[in-house]
Amino acid sequence: MTKSLLYFLFCCILFQTNGYSQDTDKNLMKLWYDQPSHVWEEALPIGNGHIGAMVYGIPAQEHLQLNHDEFWSGSPYTNYNKHAGPKALATIRRMINDGEYGKADKYAANFIAEKVHGVNYQPAGDLYLDFNNHQQYKNLRRELDIAKAVSTTTYEVDGVHYTRTSFASFSDQVIIIQLTADQPGKINFSASLKTPQKHKLAIVGNNTLSLAVIAPEHSGLPGVIQASVNVQVHNTGGIVQAKDSSISIQNANSAIIYLSMVTNFKNYHSMIADSINAARIIAAKSAELDKQARQKTFDTLLSNHITAYQKYFKRVYFDIGQTEATELPTNERLAKFKDGNDPQLVSLYFQFGRYLLISCSQPGGQAANLQGLWNPHTNPPWGSKYTDNINLEMNYWPAEITQLTEMHEPLVSMVKDLSVSGQSTAKIMYGARGWVLHHNTDIFRATGAIDGPWGLWPTGGAWVCQHMWEKYLFNGDKQFLQSIYPAMKGASEFFADVLYKDPHTGWLVVSPSASPENAHDGNSLAAGTTMDNQMVFSLLHNTIKAATILHADPAFIKVMQTKADGMAPMQIGKFNQLQEWLNDWDNPDDKHRHISHLWGLYPGSLISPYRSPKLFEAAKTSLVHRGDISTGWSMGWKVNVWARLLDGNHAYKLITNQLTPTGENKEGGGTYPNLFDAHPPFQIDGNFGCTAGIAEMLLQSHDGAIHVLPALPDQWQNGSMHGLKARGGFIVDMDWQNGQLKKLVITSALGGNCRIRSYEPMELKDAHQVEGRNTTNSNPFYEVLSIKAPVIAATATPAEPVLKKVYEYDLPTAAGKTYVFEL
């Protein structure tokens, strides 16, 4: 029996359909290091979606840097420019129509926020645990077990083996730290809290630190968000006592620290009570969380936490093999990855992205921001806000395909908020109905244009609503669709009012707008950028479908259809590229980090190799022009786009570029030692983008069928991916050998036709082969959107893509049934 066959049989025995075990005994699901953290980007993140910490793992002084997802500077505000309005908008449009783009950029200052360009996400403080005489240590190992969401640090001092176990409990909403030694009476340390914020520190009894902090002002907005950080230390054996501003433990056998954080934040426009009562209320709530946790044993707390976390994490299993590289510390593996043989680092990185999303975006909490949940700076890069011209949305790309739909809820809640807060901006700035979102927002749900002329990009609402529609397509939940339909309708009403007939082409376009953060001849503003056309076209059609499903708004359906019919088509320019703008301004030497005009390929679904092959090839040309090396998040986006281009080897090349230590890609980003994505600096969206891209390489369901192994690279000849989700509620397990699918398991949550697309002919029991590539799939979740034929430049010579032959099979399914195919 061959080794490869043995490997395959082992995988088949190990995996189960409804939950998967990942071997954690050999570092497979662990980030680990043999040195303490020297900088924040080496520390390890823990979080439960609401509170989080970066664990440094320093023997002599353990450091946990603390965050709460609701702790932001400033206070509720609006930032639309009250002096702007439809007349100023018309002036800018005329300048754009006349080709006076420089004047339009300057005049756009009338539309940019006058004062507040967003508030800042803030650190709450730091917990320090000081251990005397632990400077000289040996055999240090610090690790993050992402299969259990637990951080552990072990080391030896004078023959004593010490262990620190830390986790942010998903079940009890507190951070737990256990300190043990393998000899009695050896736990000696002092605990202290510090913060860069305005604060009051109190010691309650002899074992509790209570820190009350208030967020700073921002751009004249007083800080109103308060937080209570409560630390209780409980020892077994030894003595505990308050000492100055710290708590001291001497000669204990073990100790457990309970750390809670609570804020007075209620919603984006109000806080709990007044400042005096709020401080009392949140301090009491924080103390109560600690009290409830203390009533349980450490083992119970840990077990409950792991169970709550693994409910999400164990849904997906990914294995493409391992080598002896797994025995190395993670930072060494990262340094060797590009030129070595370490396929398991890819599966670890993939699952690390899922770990981060579970840990920073939980129902009832705030959406993952630019740094997820973890930020040490009072003035963080870009405010650590929500940049919705790519970064916010990228955070949620893995949510549905990797079975983390619950993690999408904070974004859903944010969209509902924005659909209200954005109404005044739409009315005052544009004289329009509905709501608008420019390229940035924050915890107070501001929607005005900020930063500079390129900030006059009013299409953020269309993009976030795409996530709402995709969530419905994956899950088929009509109650959810009913709840989010008002936001989709409001976004569509806005564009129904502001779409403008371009005098040069007669097409309906958005003007003024921009192709996010890029420029043409040094100018930002333009009319009818390709990204705008793609997103608004998709929004209108998605809203039409939603209204039809819900039997709502027949008159408005006709309005939206008319608007969509009049919109500009995509265009192929003189370099055979997909044009980024309405005019053929593209420069093949442009290496800009944003690839906005490729939105229709990913994350949109407008460009298909089978339905629009010339556009497909033009998009590929544009991506080649952009190049590979860029900022970390941009490379994560490119992994997805190359996957959608069905080129697994090029997608893998982008993964190797991203999994390169920061500083080695001289032209751009990479990865920090703790596997955080580097723009640089740290931006978490790159982690999420690459995780989504790896999934897209192995399963796609946007183009009328479930395409299995659509972009499998040569490096992943043997492997298994179990638990990815396809649209229509299908859970898909795949095992492959020598690059060919060997076992396919499909579980249908909703029933209906399951169309399977493959590069290899298959014999599937109870399925029949589909004759004709463009035969309509009867499953409504797989309806494809018809687009206009592209306009092609007179000097262009667009090529047809060279595509692999595909085979398609229709499998009738029943809800709740599982279908197993040995191939």
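Residues numbered from 1 in each chain as written. Predicted model: local features only at pLDDT ≥ 70, side-chain atom pairs only at ≥ 80, totals over all residues. Heavy atoms only, no water.

Colleague: I'd like to hear about the packing of aromatic side chains, residue by residue, with values.
Modeller: What the rule picks out here adds up to 31 aromatic pairs. Their ring planes at 85 degrees and their centres at 5.2 Å tell us that Y101 and W585 sit as a pair that is edge-to-face. Of this pair, Y101 sits in helix α3 (residues 101-107) while W585 sits in the loop between β26 (571-572) and α15 (613-626); the two residues are 484 residues apart in sequence, bridging distant segments of the chain. A relative accessible area of 14% places Y101 in the buried class. Taken together, the ring pairs connect W40, F170, Y309, F313, F352, Y355, W374, F676 and F682 into an aromatic cluster. One residue, K194, lies across the ring of Y128, its end atom 5.5 Å from the ring centre. (Phe/Tyr/Trp six-rings, centres within 6.5 Å; stacked < 30°, edge-to-face > 60°. Helix = DSSP H or I, 4+ residues; strand = E, 2+ residues; numbered from the N terminus. Buried < 20%, exposed > 50% of the residue type's maximum accessible area, 1.4 Å probe, protein only. Lys NZ or Arg CZ within 6 Å of the ring centre and 35° of its normal.)

Colleague: Residue-level account of the sheet that holds strand β4 (residues 61-68), with values.
Modeller: Judged by pairing direction, the sheet is antiparallel, and its seven strands sit side by side in the order β2-β3-β4-β5-β10-β15-β14 without closing on themselves. What marks the edges here is a single partner per strand, and that holds for β2 (44-47) and β14 (239-243). On average, each strand axis in the sheet is inclined to that of its neighbour by 20 degrees, with strand direction left out of account. Sheet topology places strand β3 (residues 51-55) next to β4; five bridges connect them, and they run antiparallel. Looking across to β4, one finds that I51 is bridged to H68. (Pairing = 2+ DSSP bridges. Axes fitted to C-alpha atoms, helices over the stretch in contact; angles between N-to-C directions.)

Colleague: So what's going on with the layout of surface pockets? Residues and values would help.
Modeller: What the second largest pocket holds in volume is close to 390 Å³. Lining the second largest pocket are 22 residues, and of these W469, L473, K545, P780 and E783 sit closest to its centre. Put simply, the parts of the chain that give the lining of the second largest pocket at least two residues each are α11 (460-475) and α13 (530-549). Of the residues that constitute the lining of the second largest pocket, the class distribution is 10 nonpolar, eight polar and four charged. (1 Å grid on protein atoms, 1.4 Å probe; cavity = no way out; pocket = protein on both sides within 12 Å on 5 of 7 lines; lining within 4 Å. Points joined across faces, edges and corners; volume = space filled by probe spheres on them. Nonpolar A, V, L, I, M, F, W, Y, C, P; charged D, E, K, R; others polar.)

Colleague: Give me the lowdown on the pairing of β3, citing residues and values where you can.
Modeller: Burial runs high along β3: five of the five residues are buried. Residues of β3 alternate between two faces, with I51, A53 and V55 on one and G52 and M54 on the opposite face, all of them buried. With four bridges joining them, β2 and β3 adopt antiparallel strand pairing. Each residue of the ladder has a partner; that of L44, found in β3, is V55. Counted along the chain from β2 to the antiparallel partner β3, the turn is three residues long, and its residue G49 has a positive phi close to 90 degrees.

Colleague: Give a detailed account of the side chain of S254, specifying residues and quantitative values.
Modeller: Note that S254 resides in strand β16 (residues 254-263). The class of S254 is buried, set by a relative accessible area of 18%. Not counting residues up to four positions away in its chain, the partners in contact with S254 are L179, T180, I187, H234, N235 and T236. (Contact = heavy atoms within 4.5 Å.)

Colleague: Outline the pattern of salt bridges, supporting the account with residue identities and numerical values.
Modeller: The final tally for this structure, using the stated rule, is 25 salt bridges. One salt bridge connects R141 with E143, and the closest N-O pair in it is separated by 2.8 Å. Residue class for R141 comes out partly exposed when judged on its relative accessible area of 23%. For K489, the salt bridge is made with D553, and the minimal N-O distance between the two is 3.1 Å. One end of the pair, K489, is in helix α12 (residues 478-498); the other, D553, is in the loop between α13 and α14 (554-565), and 64 residues separate them in sequence. Of the residues examined, D553 reaches a relative accessible area of 23% and is grouped as partly exposed. By sharing partners, the salt bridges in this structure join R611, D703, R757 and E808 into a single network. (Salt bridge = Lys/Arg side-chain N within 4 Å of Asp/Glu carboxyl O.)

Colleague: Can you lay out the nonpolar core for me, pointing to particular residues and giving the numbers?
Modeller: Proteins that are soluble and globular tend to have nonpolar side chains buried together. Core analysis: the largest hydrophobic core is formed by 246 residues, its most contacted members being I175, F189, W716 and M734. If near-sequence neighbours (up to four positions away) are discounted, F189 is found in contact with L129, D130, F131, L179, V233, I247, S248, I249, A255 and I257. Of all hydrophobic cores here, the second largest spans 13 residues; its members include I176, Y258, L289 and L301. (Core = buried A, V, L, I, M, F, W, Y, C linked by side-chain atoms within 4.5 Å.)

Colleague: How would you sum up the packing of α12 against α13? Please name residues and give values.
Modeller: It is the contact of α12 with α13, at a shortest axis distance of 9 Å, that shows an interaxial angle of 135 degrees. The angle between α12 and α13 falls in the class oblique. The chirality of how α12 crosses α13 is left-handed. Along its contact with α12, which presents K478, L481, Y485, M488, K489, A491, S492 and F495, the element α13 presents V536, L539, L540, N542, T543, A546, A547 and I549. Of the residues that constitute the contact of α12 with α13, the class distribution is 11 nonpolar, three polar and two charged. (Parallel < 35°, antiparallel > 145°, perpendicular 65-115°, else oblique. Left-handed = near helix turned anticlockwise from the far one by under 90°.)

Colleague: So, the environment of K653: which residues are in play, and what are the values?
Modeller: Tracing the backbone through its elements, the reader meets K653 in helix α17 (residues 648-658). Between the alpha carbons of K653 and A496 there is a distance of 42 Å; along the sequence they are 157 residues apart.

Colleague: Please provide a residue-by-residue account of empty space enclosed by the protein, values included.
Modeller: Applying the stated criterion to the full structure yields six cavities of 30 Å³ or more. In this model, the largest cavity occupies a volume close to 230 Å³. With five residues, the top contributor of residues to the lining of the largest cavity is α11. Classifying every residue of the lining of the largest cavity by side-chain character gives eight nonpolar, three polar and five charged. Approximately 140 Å³ is the volume found for the second largest cavity.

Colleague: Describe the confidence of the model for the protein, with residues and values.
Modeller: Residues of the protein with pLDDT of at least 70 account for 96%, and the chain-wide mean is 94. Low pLDDT (under 50) marks residues 1-18, which in the prediction has 29 contacts with non-local residues, meaning those over four places away or in another chain. (pLDDT = per-residue confidence, 0-100.)

Colleague: An account of the environment of S270 is requested, with residue identities and associated values reported.
Modeller: For S270, the position within the fold is in strand β18 (residues 270-271). Put simply, S270 and M697 are 427 residues apart on the chain and 44 Å apart in space, counted from C-alpha to C-alpha. Once you skip the residues sitting within four places of it in the chain, S270 turns out to touch P76 and F265. A distance of 2.8 Å separates a polar atom in the side chain of S270 from a polar atom in the side chain of N267. (Polar contact = N/O pair within 3.5 Å; in protein donor to acceptor, adjacent residues only side chain to side chain.)

Colleague: Any chance you could break down the sheet that holds strand β32 (residues 730-737) for me, citing the residues and the numbers?
Modeller: With respect to topology, five strands assemble into an open sheet ordered β19-β31-β32-β33-β38, the strand pairing being antiparallel. The open sheet terminates on both sides in strands that have one partner only, identified here as β19 (317-319) and β38 (818-822). Across the sheet, the mean angle from the axis of one strand to that of its neighbour is 20 degrees, orientation sign disregarded. The pairing of strand β33 (residues 740-748) with β38 spans five bridges and is classified as antiparallel.

Colleague: Lay out the environment of E156 with the relevant residues and their values.
Modeller: Within the fold, E156 resides in strand β7 (residues 150-157). In this structure, the C-alpha to C-alpha distance between E156 and K138, residues 18 residues apart in sequence, is 5.3 Å. Apart from the residues within four sequence positions on either side, E156 is in contact with Q136, Y137, K138, N139 and H161. Of note is the side chain of E156, whose polar atom sits 3.3 Å from the side chain of N139.

Colleague: So what's going on with α12? Which residues, and what values?
Modeller: Here α12 is 21 residues long and its end C-alpha atoms lie 29 Å apart, about the 30 Å a rise of 1.5 Å per residue gives. In the structure, α12 departs most strongly from a straight axis at I484, where the bend amounts to approximately 45 degrees and where the proline P486 lies between one and four residues downstream. (Expected span 1.5 Å × (residues − 1). Bend = angle between axes of the 7 residues up to and from the residue.)

Colleague: An account of the state of the cysteines is needed here, citing residue identities and associated values.
Modeller: Across all of its chains, the model carries zero disulfides by this definition. The closest cysteine sulfur to the non-disulfide-bonded C360 is located on C690, 16 Å from its own sulfur. Owing to a relative accessible area of 1%, C360 belongs among the buried residues under this scheme. (Disulfide = S-S within 2.5 Å.)

Colleague: Help me get a handle on unusual backbone geometry, residues and values and all.
Modeller: Among all residues except glycine, the phi angle is most often negative; among peptide bonds, the trans geometry is most common. That bond from H679 to P680 is cis: its omega, -10 degrees, falls within 30 degrees of zero. Take P680: it is sitting in the loop between β28 (677-678) and α18 (685-698). With an omega dihedral of 5 degrees, the bond running from P680 to P681 counts as a cis peptide bond. If you trace the backbone, P681 turns up in the loop between β28 and α18.

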